[in-house]
Amino acid sequence: MAVEIFYDDDADLSIIQGRKVAVIGYGSQGHAHALSLRDSGVDVRIGLPEGSKSRAKAEEQGLKVLTPAEASKEADLIMILAPDTKQRFIYAEDIEPNLKDGDALFFGHGFNIRYELIKPPAGIDVAMVAPKGPGHLVRRQFVDGKGVPALIAVEQDATGGAEALALSYAAAIGGARAGVIKTTFTEETETDLFGEQAVLCGGASALVQTGFEVLTEAGYAPEIAYFEVLHELKLIVDLMYEGGIARQRYSVSDTAEYGDLTRGPRVITPAVKEEMKKILGEIQDGTFAREWVAEDEAGRPNFTKLEEQGAQHPIEETGKKLRDLMSWVDRPITETA
Ligand SMILES: NC(=O)C1=CN([C@@H]2O[C@H](COP(=O)(O)OP(=O)(O)OC[C@H]3O[C@@H](n4cnc5c(N)ncnc54)[C@H](OP(=O)(O)O)[C@@H]3O)[C@@H](O)[C@H]2O)C=CC1
Ligand SMILES: CC[C@](O)(C(C)=O)C(=O)O
Ligand SMILES: [Mg+2]
Ligand SMILES: [Mg+2]
C-alpha cells in the first residue's frame, strides 16, 4: 500500500498553537519536543516529579515545570515522553485521573499501546508523533532549520480531528520539513524495535566492536582500528544518507567497492538474515516486550551488567583519547537542549 507523506504545506500549525500541551518527561525526546513546540508558538508546560534531575534544566531553559499530575490537569494535550517501561505507572497515577473528554493523549513511540500496557478511555484522542531520530538531533536539526522525519498514527479519534492535530504537532517540531508518514501504532512499534535492535543500535554496535576486536587481536594498533571501523563509519554513512548506497559506492575506490560487493554478503550471511527474522518474530509475538518489561521490573540486572560490559570494551578507551584530540567531534549532546 502506498504511504501518505505530508510536508509543511499540508499541516495547519494553528491547530497545535490553539492547544495547551503538557510534555511529560524532559529527556532526549522531551526536551526536543518541548523547546521546538515553544519556538513554534505553542503553549507548553513540562511534567516532572519533584525529585527529577531535569527540573532545573527545563526551568533554566525558560519552561514552566509542574508535576506530571498538575501538568496533565492543566493541559488538553498530553505527550508522554518518559521511559517506555515507566509510562503505564505515570499514566495510571498522574494522567488518567486528569483526562477530560476531548483531550488528546500523545506518544512518541507505540510500545505501551501496541502491547496493551496502557488502555485509554473512550472520549479522548490517542495519537502518536514518533520522530525517526535521536531526540538531541531532532532538536539540533530544528534549530538548524532542518528536520527529522516523523511518523504519525491515530489509535482513537474521538474528536474527528486527531490526525490533523498529530500532523500539526509533527510540523511544530520540524518533522514536516523532512516528511511525515501516516502509519499505525503497530507498524511504528514493530519497525522501530526491529530497526534499533537489528540495524541501528544492536547491529551497528556489534559490527563495530567485532571489527575492532578482529583488527586489534591480529596485532594492529587500536588507534588505527578505531579510525577504520568507527570514526570512518560516520563518513561512509553520511554518503549513504546524502545519496544512498550508490553514492557511497561512487565515492569509495573501486577496490573498496569490489570488497563491499563480494565480502559484505560473507559478513551479513543468510544465517544473519535468519536471526534478524527471528528477532522480528519476537517483536511481533510480544516475546521481546514481555522480556523487557520483566527485566525492568526486576531492577534491570541484565541491562546493567551488559551496559557496564559495553562501557569496558577497549574501543571506548581508545575512542575517548582520540576524540579528545579532535575538538569538533565531541559536540556536547546538551548543546542544543
Ligand atoms: N531517545 C530517542 O531519541 C527516542 C525515544 N522515543 C520514545 O520517546 C519516549 C521517551 O524516551 P527518551 O526521550 O529516550 O527518554 P529519556 O530516558 O531520555 O527521558 C525520560 C524522561 O522522563 C522522565 N521521567 C522518569 N520518570 C518519570 C515520571 N514518573 N514522571 C515524569 N517524568 C519521568 C525522566 O526524568 P529525569 O530527567 O529526572 O531522569 C526524563 O526526563 C519513549 O517512548 C521512547 O521510546 C522515540 C523516538 C526516539
Ligand atoms: C534508534 C533508537 C530509537 O528508536 C530512536 C532514536 O529512534 C530509540 O528508541 O531511541
Ligand atoms: Mg526509533
Ligand atoms: Mg525506539
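Our subject in this report is the structure included herewith. From a predicted model like this one, the values you see are computed outputs, not experimental measurements.

Topic: the site of ligand 2
Logical step 1: Taken together, Gly133, Pro134, Asp192, Glu196, Leu200 and Cys201 make up the full set of residues adjacent to ligand 2.
Logical step 2: Taking Asp192, its side chain carries an N or O atom lying 3.1 Å from an oxygen atom of ligand 2.
Logical step 3: The contact in question runs from an oxygen atom of ligand 2 to an N or O atom on the side chain of Glu196, over 2.5 Å.
Logical step 4: Alone, ligand 2 offers 280 Å² of accessible surface; in the complex the protein occludes 63% of this.

A word on the packing of aromatic side chains
Logical step 1: Going through the model one piece at a time under the given rule, you end up with 5 aromatic pairs.
Logical step 2: Pairing Phe106 with Tyr169 gives two aromatic rings, centres 5.5 Å apart and planes at 40°, and the pair type is tilted. Within this pair, whereas Phe106 is found in strand E6 (residues 104-107), its partner Tyr169 is found in helix H8 (residues 162-172), the two being separated by 63 residues in sequence.
Logical step 3: Tyr169 sits in the buried class, given a relative accessible area of 0%.
Logical step 4: Here Arg177 stacks its cationic end above the ring of Phe142, 4.6 Å away from the centre of that ring.
Logical step 5: Between the NZ or CZ atom of Arg300 and the centre of the ring of Phe303, over which it lies, the distance is 5.0 Å.

Each value, and the rule that gives it
- Residues numbered from 1 in each chain as written.
- Chains lettered and ligands numbered in written order.
- Predicted model: local features only at pLDDT ≥ 70, side-chain atom pairs only at ≥ 80, totals over all residues.
- Heavy atoms only, no water.
- Near = heavy atom within 4 Å.
- Polar contact = N/O pair within 3.5 Å; in protein donor to acceptor, adjacent residues only side chain to side chain.
- Areas by Shrake-Rupley, 256 points an atom, 1.4 Å probe, with all protein chains shown as cover.
- Phe/Tyr/Trp six-rings, centres within 6.5 Å; stacked < 30°, edge-to-face > 60°.
- Helix = DSSP H or I, 4+ residues; strand = E, 2+ residues; numbered from the N terminus.
- Buried < 20%, exposed > 50% of the residue type's maximum accessible area, 1.4 Å probe, protein only.
- Lys NZ or Arg CZ within 6 Å of the ring centre and 35° of its normal.

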